[in-house]
Amino acid sequence: MAGRKLPGISVPHRKHTAEKIPRRLPVPPMVCIPVSMHIGAPARPVVQVGDTVKVGQLIAEADGAMSSPVYSGVSGKVKKIDDLLMSAGQRVPAVVIETDGEQAGSGAFTAPCVSDFATFIGAVRQSGVVGLGGAGFPTAVKLDVADLSKLETIIVNGAECEPYITSDTRTMIDDAESVRGGVMLLREYMKAKDIVIAVEKNKPRCIKIFSEMFRDDGHVRVAALPAVYPQGAEKVLIYNTTGRLVPEGGLPIDIGVIVINCTTLAAIEKYIRTGTPLYEKCVTVDGSAVASPGNVIVPIGTPLRDVFAFCGGFSERPGKVLYGGPMMGIAVPDLEQTVLKNTNAVLALSAREAEPPEETACIRCGRCMARCPLRLSPAEIESAYRRNRPDELEALRVGLCMECGCCAYVCPANRHLVQTNKLSKALLRSYRAVKPAVKEESA
Ligand code: SF4
Ligand code: SF4
């Protein structure tokens, strides 16, 4: 166990919706389901315009090992398969379904046959589950460990450290049995010797549920962690629960660890127990411009305008709408954007809250470095970027930056450090791409 914890910051928790039991959104008139909601190759559509689809029907199959299948969460008719402009700027095909309100097919699923590690991984792949905590990494790829004897610890991530978001908290309260079932699957098929359920101390109800649930289980422990941001970030969580550091450029499995989000684990368990693939999400809807915040269960592909309307609409015109929390969330260009597999929250912030404070000159106070969980030097990175020095950016290890925003949050000069880090990483990537050619020319 680590003696010292990695640094983090105290942010207002704003978990207003933690006690709000998720409500189910009435079937929206239309859903638009992108075939790429994960890291890796987009899935390939297997339906055509005019087809009738049912709830849980496969509409796009995984295209290769690093991909994930996509299922419909509604019944209705495929109206078109069109390019959708995603919030990150890329265009991906999306299946647009006009719903019929029948929800035909719902519940008529067959559980997969799982009997060993290979069939377990196959089932995880078929479930359509990807990292639901935000990353969108195909879970089957993460769990498909080449040598299981090297796996020592699996951390079930229930830290949920971003302000506002409580959808994982609701999983741990409302679906604790699925988390327990998921832990048992990891024990049985991954042969995990040590399973840690990591929860921040601002969720005492969750800590109590799992402490009692696993009281007599010598292989499962609950880690109650300080409620600081970014406690739920993978590298931070690993260090703060096991004392082990993921090496630069390495993966958690290199030090015998896998981290899996609690809602991801519950979704896998549900698929293996019932055959229900991932086609709907519990989403926290909150922010200073939302009239009636809450947690809402919605079919994947539901437009955000329907989700906000279900929560009473806006109390004032929002200045910014985000996928995710205020620290790492991504701004959406319009409310036609849809709920994705990895959408755990949508926030609408008032214009006042969304307004970025005025940037002033760096005063070399060092606070950004002191609060960076990865001990990076954001002020120096900014300087190197402005001088167009990718070689310096490489030495400053900007590639490690997880864009958590701690540095920008504590900066008294309101420097836009996260944006600069993103740009710096892009500059470094293009530098690395041409670097061998540069070397050859000078040889
Ligand atoms: S955004 Fe990057 S540099 Fe800033 S605190 Fe987080 S990891 Fe460190
Ligand atoms: S916290 Fe802001 S003002 Fe202080 S050194 Fe870092 S960038 Fe400069």
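Thresholds applied
- Residues numbered from 1 in each chain as written.
- Chains lettered and ligands numbered in written order.
- Predicted model: local features only at pLDDT ≥ 70, side-chain atom pairs only at ≥ 80, totals over all residues.
- Heavy atoms only, no water.
- Helix = DSSP H or I, 4+ residues; strand = E, 2+ residues; numbered from the N terminus.
- Rg over C-alpha atoms; globule rule 2.2 N^0.38 Å.
- Buried < 20%, exposed > 50% of the residue type's maximum accessible area, 1.4 Å probe, protein only.
- Contact = heavy atoms within 4.5 Å.
- Areas by Shrake-Rupley, 256 points an atom, 1.4 Å probe, with all protein chains shown as cover.
- Near = heavy atom within 4 Å.
- 1 Å grid on protein atoms, 1.4 Å probe; cavity = no way out; pocket = protein on both sides within 12 Å on 5 of 7 lines; lining within 4 Å.
- Sits in = over half its atoms within 2 Å of the grid points.
- Nonpolar A, V, L, I, M, F, W, Y, C, P; charged D, E, K, R; others polar.
- Pairing = 2+ DSSP bridges.
- Phe/Tyr/Trp six-rings, centres within 6.5 Å; stacked < 30°, edge-to-face > 60°.
- Points joined across faces, edges and corners; volume = space filled by probe spheres on them.
- Salt bridge = Lys/Arg side-chain N within 4 Å of Asp/Glu carboxyl O.
- Domains from an automatic or database assignment.
- Buried area = accessible area lost by both parts, 1.4 Å probe.
- Polar contact = N/O pair within 3.5 Å; in protein donor to acceptor, adjacent residues only side chain to side chain.
- pLDDT = per-residue confidence, 0-100.
- Expected span 1.5 Å × (residues − 1).

**Remarks on the overall build of the protein**
Looking only at helices and strands, the protein features 14 helices and 17 strands. The C-alpha atoms of the protein give 22 Å as radius of gyration, which agrees with the globular expectation for 443 residues (22 Å, within 12%). Over its C-alpha atoms, taken along the principal directions, the protein stretches across nearly 60 × 55 × 50 Å. Expressed as a percentage of its 443 residues, the buried residues of the protein come to 52%. Taking contacts inside the protein between residues at least 6 apart in sequence as the whole, the part at least 24 apart equals 72%. Here the protein displays about 19400 Å² of accessible surface, and carbon together with sulfur accounts for 53% of that area.

**Some details on the site of ligand 1**
Residues in contact with ligand 1, as listed here, are Cys 372, Pro 373, Pro 378, Cys 401, Met 402, Glu 403, Cys 404, Gly 405, Cys 406, Cys 407 and Asn 421. For ligand 1, the cavity whose grid points lie within 2 Å of the majority of its atoms is the largest cavity. The residue makeup of the shell around ligand 1, split by class, is eight nonpolar, two polar and one charged.

**Observations regarding the sheet that holds strand 4 (residues 52–53)**
With antiparallel pairing, four strands are arranged side by side in an open sheet as 2-8-7-4. Single-partner strands in this sheet number two, and they are strand 2 (30–34) and strand 4.

**Details of the packing of aromatic side chains**
Taken as a whole and assessed by the stated rule, the structure comprises four aromatic pairs. The interplanar angle of 20 degrees and the centroid separation of 6.5 Å between the aromatic rings of Phe 210 and Phe 214 together place this pair among those described as stacked. A residue is classified by how much of its surface remains accessible, and Phe 214, at 4% relative accessible area, is buried. Taking the centre distance of 5.0 Å and the plane angle of 45 degrees together, the rings of Phe 308 and Phe 314 count as tilted.

**Side note on the site of ligand 2**
Taken together, Cys 362, Ile 363, Arg 364, Cys 365, Gly 366, Cys 368, Ala 379, Cys 411, Pro 412, Ala 413 and Arg 415 are the residues near ligand 2. Of the residues that constitute the shell around ligand 2, the class distribution is eight nonpolar, one polar and two charged.

**Quick notes on the sheet that holds strand 16 (residues 330–331)**
Backbone-to-backbone hydrogen bonds join strands into a sheet, with any given pair of strands oriented parallel or antiparallel. Taken in spatial order, the six strands line up as 1-14-13-17-15-16 in an open sheet, and their pairing is mixed. Of all the strands in the sheet, the pair left with one neighbour each is strand 1 (23–24) and strand 16. In the sheet, strand 15 (residues 318–323) pairs with strand 16 via two bridges, with the strands oriented antiparallel. Bridging across to strand 16, Leu 322 finds its partner in Ala 331.

**Thoughts on the layout of surface pockets**
Any empty space left between atoms is shown by rolling a water-sized probe over those atoms. The calculated volume of the second largest pocket comes to roughly 470 Å³. Sorting the residues of the lining of the second largest pocket by element identifies helix 3 (167–174), helix 7 (262–274) and strand 13 (280–286) as the ones contributing at least two each. At four residues, the largest contribution of residues to the lining of the second largest pocket is made by helix 7. Here the lining of the second largest pocket is composed, by residue class, of nine nonpolar, three polar and seven charged.

**A short note on the environment of Arg 215**
Among the structural elements, Arg 215 can be located in the loop between helix 5 (204–213) and strand 11 (220–225). Through-space distance from the C-alpha of Arg 215 to that of Lys 150 is 26 Å; in sequence the pair is 65 residues apart.

**Side note on the pattern of salt bridges**
Applying the stated criterion to the full structure yields 26 salt bridges. Put simply, Lys 425 and Glu 403 hold a salt bridge, and the shortest N to O gap is 2.7 Å. Of this pair, Lys 425 sits in helix 14 (residues 417–442) while Glu 403 sits in the loop between helix 12 (390–395) and helix 13 (406–410), and the two are 22 residues apart along the sequence. A relative accessible area of 13% places Lys 425 in the buried class.

**Considering the domain arrangement of the protein**
One can read the domain layout of the protein as domain 1 (28–109 + 277–353), domain 2 (117–274) and domain 3 (367–442). The centre of domain 2, based on its C-alpha atoms, is set 30 Å off from the matching centre of domain 3. Of the roughly 550 Å² buried between domain 2 and domain 3 on both sides combined, carbon and sulfur atoms contribute 72%. The largest share of the area that domain 2 buries against domain 3 comes from Tyr 229, Lys 235 and Glu 248, three residues that together contribute 67% of it. Our count for the domain 2 to domain 3 interface comes out at zero salt bridges. Counting across the domain 2 and domain 3 interface gives one residue pair in polar contact (both at pLDDT 80 or more). Residues that form the side of domain 2 that touches domain 3 fall into these classes: four nonpolar, no polar and two charged.

**Some words on the confidence of the model for the protein**
Keep in mind that low pLDDT regions are not for reading the predicted coordinates in detail. Predicted confidence across the protein gives a mean pLDDT of 93, with 97% of residues reaching 70 or more. Low confidence marks residues 439–443, where pLDDT is under 50. Its contacts with residues over four positions away, or in another chain, come to zero contacts.

**Notes on helix 4 (residues 176–190)**
A turn of α-helix holds 3.6 residues, and therefore any two residues three or four places apart point the same way. Helix length check: helix 4, at 15 residues, gives a terminal C-alpha distance of 20 Å against a target of 21 Å (1.5 Å per residue), a fit within 8%. Of the residues one or two after helix 4, Lys 191 is the one with positive phi, at around 55 degrees.

**With respect to unusual backbone geometry**
Of note, the amide linkage connecting Tyr 229 to Pro 230 takes the cis form, showing an omega dihedral of 0 degrees. Among the structural elements, Pro 230 can be located in the loop between strand 11 and helix 6 (234–242). Even without being glycine, Glu 160 reaches a positive phi, approximately 40 degrees. Looking at the secondary structure, you find Glu 160 in the loop between strand 9 (153–158) and helix 3. Accessibility expressed as a relative area gives 8% for Glu 160, which makes it buried.

**Quick look at the environment of Phe 314**
Note on placement: Phe 314 falls in the loop between helix 8 (304–310) and strand 15. Phe 314 gets classed as partly exposed once you look at its relative accessible area, which sits at 30%. Sequence separation between Phe 314 and Ala 289 is 25 residues; the distance between their C-alpha atoms is 5.4 Å.

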